[in-house]
Amino acid sequence: MDFNVKKLASDAGVFFSRAMQFTEEKLGQAEKTELDAHFENLMARADCTKNWTEKILRQTEVLLQPNLSARVEEFLYEKLDRKVPSRVTNGELLAQYMTEAANDFGPGTPYGKTLIKVGETQRRLGAAERDFIQSASINFLTPLRNFLEGDWRTITKERRTLQNCRLDLDACKARLKKAKAAEAKAALWSDEVEKAEHELRLTQTEFDRQAEVTRLLLEGISSTHVNHLRCLHEFVESQTNYYAQCYQYMLDLQKQLGSSKGEIFSGTFVGNAESTSPPAAAASPPAAAAAATLPAVPTIPVVPTIVGVPSAVAEGVLNPNEVKPPASGTRKARVLYDYEAADSTELALLADEMITVYSLPGMDPDWLIGERGNQKGKVPVTYLELLS
């Protein structure tokens, strides 16, 4: 019991002495032992490293998980040393909705088929995002956290100890100075001088030892930079792989949609009276507005043979001068919008004029042959209102 009381009293005395020394230094009433310039530079570099590491860590966490509540949840799980629950990515959730919608609309319909294809790509994008987040967390975030929660805490602890040693040292210097001043007035104080000198030697030794320990830790910041540099390279590599995967997935999807576009939209004007949306390939600024006003139109019969039609038409290359209208299947159409012909194979159109149109085997379903008097050429179907 007596030992504990004495220890508490001693600790209180040391704390009071340090507090007095710190206060007098701040008021300019006591001298302060200054560290050398190299040591000060090391501490400034360490503080800079800690501050920027914290900012980079926090912003990377925001990049990988923009949802604040999800980040807080993950932080709590980590602090409780529990496994973070698996979370569905936004891409995977979108894929799930698209697949369910396709099943409701009919997976065999053009819209349902496309929803399935896009949904599958979204699922793959979500999986790639999950892999990227995991890789970035392990190879980049974890080393940064380890520095802040491990090395930096050790450095902070040793710097605090060094600060206490310096305060003790300066307090001893002040006591020795007072003892020598008193000795000059009375020889009876010589014992106090000797005691103060002994305490000064001890505190000086302790201060020098602690300064060396702290200096070595601060110089280790260079190794920290090297380690973080390696982690940064790994982060960039994983991010590059992630975006490359996403780009490839979208290219593949674009090819799939492009190859099936004719199949999807061919029923709009040929053989499918259910769809009234214009094909995207011939879309123009006014075409979107026309989609809501276009009536369901009857089918334009396709000529069953290509007798008398040049082979170039079947191959998709149209020479208007060689085209002859079929014996049956021609229709009248009203032009909805002005259209400027892109080349000599197309027919320029003026809004509200009436033309004759028909389809030929092998033609792109987004186009028809249009005739106005002796003028003839391809015309986009989205610019027309077919009449009965």
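Residues numbered from 1 in each chain as written. Predicted model: local features only at pLDDT ≥ 70, side-chain atom pairs only at ≥ 80, totals over all residues. Heavy atoms only, no water.

Visitor: For this particular structure, what's the right way to read the layout of surface pockets?
Guide: In this structure, the largest pocket encloses a volume near 1,300 Å³. If you trace the largest pocket, you find 34 residues lining it, with Glu74, Glu78, Val84, Ile133 and Ser137 closest to the centre. Every element with two or more residues in the lining of the largest pocket is listed here: α2 (37-64), α3 (68-79) and α5 (110-183). Tallying contributions element by element places α5 first for the lining of the largest pocket, with twelve residues. Split into classes, the residues belonging to the lining of the largest pocket amount to twelve nonpolar, eight polar and 14 charged. Reported here for the second largest pocket is a volume of approximately 410 Å³. (1 Å grid on protein atoms, 1.4 Å probe; cavity = no way out; pocket = protein on both sides within 12 Å on 5 of 7 lines; lining within 4 Å. Points joined across faces, edges and corners; volume = space filled by probe spheres on them. Helix = DSSP H or I, 4+ residues; strand = E, 2+ residues; numbered from the N terminus. Nonpolar A, V, L, I, M, F, W, Y, C, P; charged D, E, K, R; others polar.)

Visitor: So what exactly am I meant to see when it comes to the pattern of salt bridges here?
Guide: Pairs may arise between side chains of opposite charge once their charged atoms sit close together. Enumeration over the complete set of coordinates arrives at 16 salt bridges. Here arginine 145 ties to glutamate 61 by a salt bridge, and the two come within 2.8 Å at their closest N and O atoms. You can see arginine 145 sitting in helix α5 and its partner glutamate 61 sitting in helix α2, a full 84 residues away along the chain. Accessibility expressed as a relative area gives 18% for arginine 145, which makes it buried. (Salt bridge = Lys/Arg side-chain N within 4 Å of Asp/Glu carboxyl O. Buried < 20%, exposed > 50% of the residue type's maximum accessible area, 1.4 Å probe, protein only.)

Visitor: Could you clarify how one ought to interpret the side chain of glutamate 371 in this entry?
Guide: In this structure, glutamate 371 sits in strand β3 (residues 367-372). With relative accessibility at 17%, the residue glutamate 371 sits in the buried group. In terms of polar contacts, glutamate 371 uses its side chain to reach the side chain of tyrosine 358, at 2.7 Å. Setting aside its immediate chain neighbours within four residues, glutamate 371 contacts Pro325, Leu347, Ile355, Thr356, Tyr358 and Lys376. (Polar contact = N/O pair within 3.5 Å; in protein donor to acceptor, adjacent residues only side chain to side chain. Contact = heavy atoms within 4.5 Å.)

Visitor: I tried to follow the pairing of strand β2 (residues 354-358) on my own but got confused; where do I start?
Guide: The side chains of a regular strand alternate between both faces of the sheet. In terms of residue burial, β2 counts as a mostly covered element, since four of its five residues are buried. Relative to β2, strand β1 (residues 331-335) runs antiparallel, the two sharing four bridges. Residue arginine 334 lies in a different strand from β2, and its bridge partner there is methionine 354. Taken together, the three bridges between β2 and β3 define a ladder with antiparallel strand orientation. (Pairing = 2+ DSSP bridges.)

Visitor: Just checking my understanding: could you explain the nonpolar core for this structure?
Guide: Side chains that are nonpolar tend, in soluble globular proteins, to be buried together. Ranked by internal contacts, the top residues of the largest apolar core, which has 35 residues, are Phe39, Phe132, Phe140 and Leu218. Here this core takes 17 residues from α5, the largest share from any one element. The next biggest cluster of nonpolar side chains, apart from the first, holds 20 residues, and it includes Leu349, Val357, Tyr358 and Leu384. (Core = buried A, V, L, I, M, F, W, Y, C linked by side-chain atoms within 4.5 Å.)

Visitor: Would you take a moment to explain a nonpolar patch on the surface for this structure?
Guide: On the surface, a cluster of nonpolar side chains totalling about 380 Å² of accessible area is made up of Leu68, Val72, Phe75 and Leu76. The topology assignment puts leucine 76 in helix α3. (Patch = residues over 30% accessible without salt bridge, like charges linked within 9 Å, V, L, I, M, F, W, Y side chains within 5 Å. Areas by Shrake-Rupley, 256 points an atom, 1.4 Å probe, with all protein chains shown as cover.)

Visitor: Quick question: what am I supposed to make of helix α4 (residues 90-105) here?
Guide: Each α-helix winds once per 3.6 residues, and so residues spaced three or four apart point in a common direction. For α4, spanning 16 residues, the distance from its first C-alpha to its last is 22 Å, which sits close to the expected 22 Å at 1.5 Å a residue. Buried within α4 are the following residues: Gly91, Glu92, Ala95, Met98 and Ala102. For α4, the angular spread of buried residues about the axis comes to 120°, placing them on one side. Residues of α4 that are exposed and angled more than 90 degrees away from the buried face: Asn90 and Asp104. Of the residues trailing α4, glycine 106 is marked for its positive phi of about 110°. (Expected span 1.5 Å × (residues − 1). Arc of directions from axis to C-beta.)

Visitor: I tried to follow the pairing of strand β4 (residues 375-380) on my own but got confused; where do I start?
Guide: Of the strand pairs in this sheet, β3 and β4 are connected by six bridges, and their pairing is antiparallel. Counted as the bridge partner of arginine 372 is glutamine 375 from β4. Between β3 and β4, which follow one another and run antiparallel, lie two residues, and glycine 373 among them has a positive phi close to 65°.

Visitor: Help me out: how do you make sense of the packing of aromatic side chains in this one?
Guide: The geometry of an aromatic ring pair is captured by the separation of the ring centres together with the interplanar angle, meaning the angle of the planes. Summed over all chains, the structure comprises nine aromatic pairs. Here tyrosine 339 and tryptophan 367 contribute two aromatic rings whose centre-to-centre distance is 6.4 Å and whose plane-to-plane angle is 70°, an arrangement assigned as edge-to-face. A residue pair is termed long-range when its members are at least 10 positions apart, and tyrosine 339 in the loop between β1 and β2 and tryptophan 367 in strand β3 qualify at 28 residues. The two residues tyrosine 339 and tryptophan 367 agree in class, both being buried. Plain terms: the ring middles of tyrosine 339 and tyrosine 383 are 5.1 Å apart, the flat faces sit at 65° to each other, and that makes the pair edge-to-face. Note that tyrosine 339 is positioned in the loop between β1 and β2 and tyrosine 383 in the loop between β4 and β5 (384-386), a separation of 44 residues in sequence. Tyrosine 383 sits in the buried class, given a relative accessible area of 8%. For lysine 378, the ring lying beneath its charged end belongs to tryptophan 367, and the centroid distance is 5.3 Å. (Phe/Tyr/Trp six-rings, centres within 6.5 Å; stacked < 30°, edge-to-face > 60°. Lys NZ or Arg CZ within 6 Å of the ring centre and 35° of its normal.)

Visitor: Help me understand the confidence of the model for the protein chain in this model?
Guide: Parts of the prediction with low pLDDT should not have their coordinates interpreted in detail. Predicted confidence across the protein chain gives a mean pLDDT of 80, with 77% of residues reaching 70 or more. Across the protein chain, the secondary-structure element scoring lowest on mean pLDDT is helix α9 (residues 311-314), at 42, and the one scoring highest is α2, at 95. This model gives residues 264-316 a pLDDT under 50, and the stretch forms 73 contacts once residues within four places in sequence are excluded. (pLDDT = per-residue confidence, 0-100.)

Visitor: How do you make sense of the sheet that holds β2 when you look at a structure like this?
Guide: Backbone hydrogen bonds hold the strands of a sheet together, and the pairing may be parallel or antiparallel. Judged by pairing direction, the sheet is antiparallel, and its five strands sit side by side in the order β4-β3-β2-β1-β5 without closing on themselves. Edge positions in the open sheet fall to β4 and β5, since each of these has one partner strand only. On average, adjacent strands in this sheet sit at an angle of 40° to one another, irrespective of strand direction. (Axes fitted to C-alpha atoms, helices over the stretch in contact; angles between N-to-C directions.)

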